[in-house]
Amino acid sequence: MSKTKIPFYRNPKIRSLFVQIFVLSLVSFLIFSIYQTTVSNLIERGIQTSTSFFDDVAPFKIGFSPFLDFDLGKTTYIEVFYIGILNTILIAILGIIASTILGFIVGIVRLSPNWLASKCALVYIEVFRNVPLLLQIMFWNFAVFLATLPPPKKSIEFGFLYLNSRGLHTPIPYVEDELRFNFWIFILLMTAVGCIFLSKWAKKSFEHTGVKRPVFFYNFLIFTILATLSYLALGGPLEFDIPVLGKFNFKGGGQLPLPLFSLWFALTIYTSAFIAENVRAGISSVSTGQLEAANSIGLNRTQTINMIVIPQAMRVIIPPTISQFLNLTKNSSLAVAVGYEEIVAVWAGISLNQTGQAVIIIAMTIIVYECMSLFTSFMLNMYNRKVQITER
Amino acid sequence: MNKNEVFIKLPDRPPPSSTVGIIAWTQKNLFSSTTNALTTILFFYLIYLYIPPFFDWAIFNANFSGSDRSICDANKAGACWTFIKVRFDQLLFGLYFASNPDQIWRPVVALSIFVLLLIPLVIEKTPHKKWLLIFLLTIYPIIFITLVYGGYFGIPISNTTQWGGFLLTFALAFVGIVLALPIGIILALGRRSEMPIIRALSVTYIEFWRGTPLITILFMASVMLPLFFPSGVEFDKVVRAMIGITLFQSAYTAEAVRGGLQAIDKGQSEASMALGMGYWQRNVFIILPQALKISIPSIVNTFIALFKDTSLVSIIGLLDLLNMSQTASRSLDWNGYDIEGYLFAGFIFWACCYGMSSYSQKLERKLDTEGRTE
């Protein structure tokens with residue numbers, strides 16, 4: 001019987017090679033033709049795409065740039081770009097901290113044995129995650145805060161915080177004397193290192209002898225006492241600039257302008273609803289068998305929560321929560337609606353309108369977000385790898 | 001002696017009154033311990049503080065009658081639903097249909113057909129669901145365009161530039177899901193392909209769109225899209241937004257479908273290969289029908305996110321539901337009643353999203369138990 005020869009076009013290797021070359025050339029052709037039409041369109045409209053506008057002076061004002069000094073008539077476009085990035089990072093960090101705290105609280109209340117509390121948390125979650133974020137931002141900013149907050153003279157006070165129609169005034173720390181401050185930081189670092197050693201030793205001795213010491217409490221005590229004592233001994237190396245009500249407005253201190261405050265508020269509420277749901281799902285994912293086993297080997301309630309529930313729940317909670325942090329950062333671009341000066345507003349908005357350099361500006365904005373996204377997935381992968389190693 | 005006489009089955013005694021009924025329930029769920037009781041009191045106080053005033057404002061003191069702002073101005077203690085009533089057509093169907101009341105049957109019919117198609121899809125026992133879904137995703141868009149856009153059968157054209165309100169929100173979201181689904185399936189297959197170049201291209205595409213916020217993509221679509229096409233090809237703003245949304249959504253759909261593909265056992269693919277099926281036969285007849293069924297909840301979830309995100313088109317100046325209610329509440333006639341506008345738009349968004357998310361949660365639970373019984 002003669003062996004029938006398989007024709008070459010039936011060979012999977014050759015076919016896959018052919019398909020890949022075909023798709024690649026198609027995609028390259030598409031990109032190339034888009035590139036060519038773009039170039040010819042730009043020439044037709046008389047737009048010269050170049051980065052030379054970076055060093056031009058930006059002819060508009062940026063009200064809020066706490067990290068870089070803004071000077072109308074001096075600040076260049078590239079500095080505007082940096083201010084935008086920094087402001088995005090600021091709102092991202094503020095939002096992440098607040099929404100994590102609020103999200104964990106709501107998630108735990110959702111699991112409370114108390115029926116009423118649990119239902120209230122459910123309503124909170126279902127209401128806030130099913131209404132568009134943009135609508136929430138506009139609602140809080142235009143319909144609530146702008147309409148109801150009092151003028152600076154009648155600010156609402158929480159301790160040293162003052163809330164009024166212009167924003168939230170906060171005390172800001174500042175360093176009086178570099179040398180004393182650095183010395184204080186050095187003492188704090190040394191104390192922290194000591195605390196870490198103490199807890200390592202406590203863990204080791206627990207593994208050897210089984211004697212559990214309240215080491216967290218000791219560390220907390222040591223750290224607070226030493227920090228306070230050294231602060232007093234050094235004569236207050238860190239001072240606080242507290243806002244004081246002047247004739248019309250507050251003087252001194254820091255200010256979160258109202259758009260930032262409303263954006264922060266809305267982002268926090270919106271994201272916390274998602275985080276609360278993650279927390280609930282994570283804690284309920286720990287099977288009852290685990291709790292029963294913990295009970296049967298005689299662990300008490302605190303031990304069960306600390307050693308059985310939290311480690312297993314965290315493994316489920318953290319990955320989606322990190323994605324929520326990325327979502328929050330991306331969602332901060334909605335600031336454009338209320339006028340907080342982050343990267344999309346000042347760069348892809350005002351700067352683009354002023355210079356007309358659409359290609360470069362949009363590309364740079366996208367690159368900034370892509371970097372943040374890559375950073376987040378890098379962190380996620382690292383976390384997942386760490387969790388996988390602890391698994392059997 | 002007859003045994004049956006000795007063991008006469010007595011009727012069950014009722015459970016002790018302390019374990020059933022409203023009092024026992026209250027005791028168990030609200031006052032089981034001191035902390036529990038304190039929590040209950042705290043939450044009752046919070047509800048008492050906020051909920052009755054809200055209902056007073058929104059319902060009992062609210063203004064429903066009249067056709068201009070004089071009534072609302074006279075009674076500031078209640079919400080001004082007169083505003084919503086007067087501007088209802090505009091908020092739901094946009095400026096064109098609000099100014100041509102004789103044409104308003106078109107979006108009403110189009111949306112009613114959608115609802116009529118959707119109801120049997122949600123009911124569990126409907127036969128031929130697959131064909132219904134395919135009808136909804138292929139033929140229905142044509143019906144929608146014929147009715148709402150017009151141009152055929154003597155129906156006057158309503159330009160997309162004049163679309164607005166809930167109709168525009170619906171159109172954007174629906175276009176997003178209809179066009180993104182096939183692209184997303186191709187991308188998901190590409191991402192799991194064994195050919196390195198195809199895989200790399202799919203991954204790049206998916207991660208690129210997923211890493212950027214939609215608002216940047218919409219800016220890009222409205223500023224840069226005209227540059228990408230030869231001069232003479234013109235899109236209006238709505239179509240540009242639709243293109244941006246489709247590109248964005250296809251990446252998310254791809255990830256949802258990929259989740260389904262990953263859940264299919266490798267044996268399925270191997271068995272179909274052993275039967276001599278080719279790549280496309282294998283995927284179209286064996287893998288995808290199973291994978292898509294599993295990924296429906298995640299696709300619905302990405303669709304909920306998209307539905308909420310369509311509100312971003314108001315930043316590039318389209319009059320969707322959010323922007324329409326904002327614009328209406330800032331008009332001279334109704335200036336100052338923006339809370340009512342936001343609440344109305346928010347309620348419609350909430351109702352749609354909550355409905356979809358309950359459906360997808362139900363489906364998830366069902367799929368979950370199916371997986372366990374196997």
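Residues numbered from 1 in each chain as written. Chains lettered and ligands numbered in written order. Predicted model: local features only at pLDDT ≥ 70, side-chain atom pairs only at ≥ 80, totals over all residues.

Here we look at the overall build of chain A
Here comes step 1: From N to C terminus, chain A includes eleven helices and eight strands.
Here comes step 2: For the C-alpha atoms alone, the extent of chain A along its principal axes is close to 85 × 75 × 50 Å.
Here comes step 3: If you take every contact in chain A between residues at least 6 apart in sequence, the share linking residues at least 24 apart comes to 68%. (Helix = DSSP H or I, 4+ residues; strand = E, 2+ residues; numbered from the N terminus. Contact = placed C-beta atoms within 7 Å.)

So, the overall build of chain B
Here comes step 1: Assigned secondary structure in chain B consists of 17 helices and zero strands.
Here comes step 2: For chain B, whose C-alpha radius of gyration is 27 Å, the value lies well above the compact-globule estimate of 21 Å for 374 residues.
Here comes step 3: Within chain B, buried positions represent 35% of all 374 residues.
Here comes step 4: Long-range pairs, those at least 24 residues apart, make up 63% of the contacts in chain B between residues at least 6 apart in sequence. (Rg over C-alpha atoms; globule rule 2.2 N^0.38 Å. Buried ≥ 20, exposed ≤ 12 C-beta atoms within 10 Å, placed from the backbone.)

Remarks on the sheet that holds strand β1 (residues 156-158) of chain A
All names here are of chain A.
Here comes step 1: Read across the open sheet, the four strands follow the order β1-β2-β3-β8; overall the sheet is antiparallel. Only two strands of the sheet have a single partner each, and these edge strands are β1 and β8 (254-257). The mean angle between the axes of side-by-side strands here comes to 20 degrees, regardless of whether they run parallel or antiparallel.
Here comes step 2: Both strand β2 (residues 161-164) and strand β3 (residues 167-170) contribute to a ladder of three bridges, which runs antiparallel. Note that in β3 the partner of tyrosine 162 across the bridge is histidine 169. (Pairing = 2+ DSSP bridges. Axes fitted to C-alpha atoms, helices over the stretch in contact; angles between N-to-C directions.)

Digging into helix α3 (residues 115-129) of chain A
Here comes step 1: Taking 1.5 Å per residue as the helical rise, α3(A) with its 15 residues ought to reach 21 Å, and the 21 Å between its terminal C-alpha atoms agrees with that figure.
Here comes step 2: Summarising the contacts, the buried residues of α3(A) are in contact with α2 (77-110) and α7 (258-284) of chain A together with α3 (34-60) of chain B. (Expected span 1.5 Å × (residues − 1).)

With respect to the environment of Asn300(A)
Residue and element names in this part refer to chain A.
Here comes step 1: Note on placement: asparagine 300 falls in the loop between α8 (288-296) and α9 (301-331).
Here comes step 2: The exposure class assigned to asparagine 300 is exposed, which follows from the 10 C-beta atoms found within 10 Å.
Here comes step 3: Once the C-alpha coordinates of asparagine 300 and valine 211 are considered, the two residues, 89 residues apart in sequence, prove to be 15 Å apart.

Notes on the confidence of the model for chain A
Here comes step 1: For chain A, per-residue confidence averages 83 on the pLDDT scale, and residues scoring 70 or more make up 97% of the total.
Here comes step 2: Within chain A, no element has a lower average pLDDT than strand β7 (residues 250-251) of chain A, which sits at 70, and none a higher one than α7(A), at 91. (pLDDT = per-residue confidence, 0-100.)

Description of the packing of α8(A) against α9(A)
Between two packed helices, the angle of one axis relative to the other and the distance separating the axes together describe the packing.
Residue and element names in this part refer to chain A.
Here comes step 1: At a minimum axis distance of 10 Å, the contact between α8 and α9 shows a crossing angle of 160 degrees. Our classification of the angle between α8 and α9 gives roughly antiparallel. Classified by chirality, the crossing of α9 by α8 is right-handed. Contacts between α8 and α9 involve Gln290, Leu291 and Ala294 from the first element and Thr304, Ile308 and Gln312 from the second.
Here comes step 2: Classifying every residue of the contact of α8 with α9 by side-chain character gives three nonpolar, three polar and no charged. (Parallel < 35°, antiparallel > 145°, perpendicular 65-115°, else oblique. Left-handed = near helix turned anticlockwise from the far one by under 90°. Nonpolar A, V, L, I, M, F, W, Y, C, P; charged D, E, K, R; others polar.)

Some points on the nonpolar core
Here comes step 1: Formed by 148 residues in total, the largest nonpolar core has its most connected members in Ile137(A) and Leu263(A).
Here comes step 2: Residue contributions to this core peak at 17 residues, all from helix α9 (residues 165-191) of chain B.
Here comes step 3: When neighbours within four sequence positions are excluded, Ile137(A) is seen to be in contact with Ser262(A), Leu263(A), Ala266(A), Leu334(A), Ala337(A) and Val338(A). (Core = buried A, V, L, I, M, F, W, Y, C linked by C-beta atoms within 7 Å.)

Quick word on the packing of helix α10 (residues 343-355) of chain A against helix α11 (residues 214-223) of chain B
Here comes step 1: Relative to each other, α10(A) and α11(B) sit at 10 degrees, their axes nearing to 11 Å. With respect to their mutual orientation, α10(A) and α11(B) come out roughly parallel. Only Ile215(B), Thr216(B), Phe219(B) and Val223(B) of α11(B) make contact with α10(A), whose side of the interface consists of Val344(A), Ala348(A) and Leu352(A).
Here comes step 2: Residue composition of the contact of α10(A) with α11(B), grouped by class: six nonpolar, one polar and no charged.

Quick look at the interface of chain B and chain A
Here comes step 1: Listed per partner, the contact involves 42 residues of chain B and 47 residues of chain A.
Here comes step 2: At the level of secondary structure, the elements contributing two or more residues to the side of chain B that touches chain A comprise α3, α10 (196-211), α11, α12 (225-228), α16 (321-329) and α17 (338-373) of chain B.
Here comes step 3: The element contributing the most residues to the side of chain B that touches chain A is α17(B), with ten residues.
Here comes step 4: Of the residues that constitute the side of chain B that touches chain A, the class distribution is 27 nonpolar, 13 polar and two charged.

Concerning the environment of Pro171(A)
Residue and element names in this part refer to chain A.
Here comes step 1: Mapped onto the elements, proline 171 comes out in the loop between β3 and β4 (172-175).
Here comes step 2: The sequence separation of proline 171 and lysine 153 amounts to 18 residues, and the corresponding C-alpha distance is 18 Å.
Here comes step 3: Here proline 171 is in contact with Phe160, Phe240, Asp241, Ile242, Pro243 and Gly253, once residues within four sequence places are set aside.

Considerations on the confidence of the model for chain B
Residue and element names in this part refer to chain B.
Here comes step 1: When pLDDT is averaged along chain B, the result is 82; 97% of the residues meet or exceed 70.
Here comes step 2: Looking over chain B, one finds the lowest element-wise mean pLDDT in helix α1 (residues 3-6), namely 65, and the highest in α9, namely 89.
Here comes step 3: The ipTM assigned to the predicted complex is 0.85, against a pTM of 0.85.

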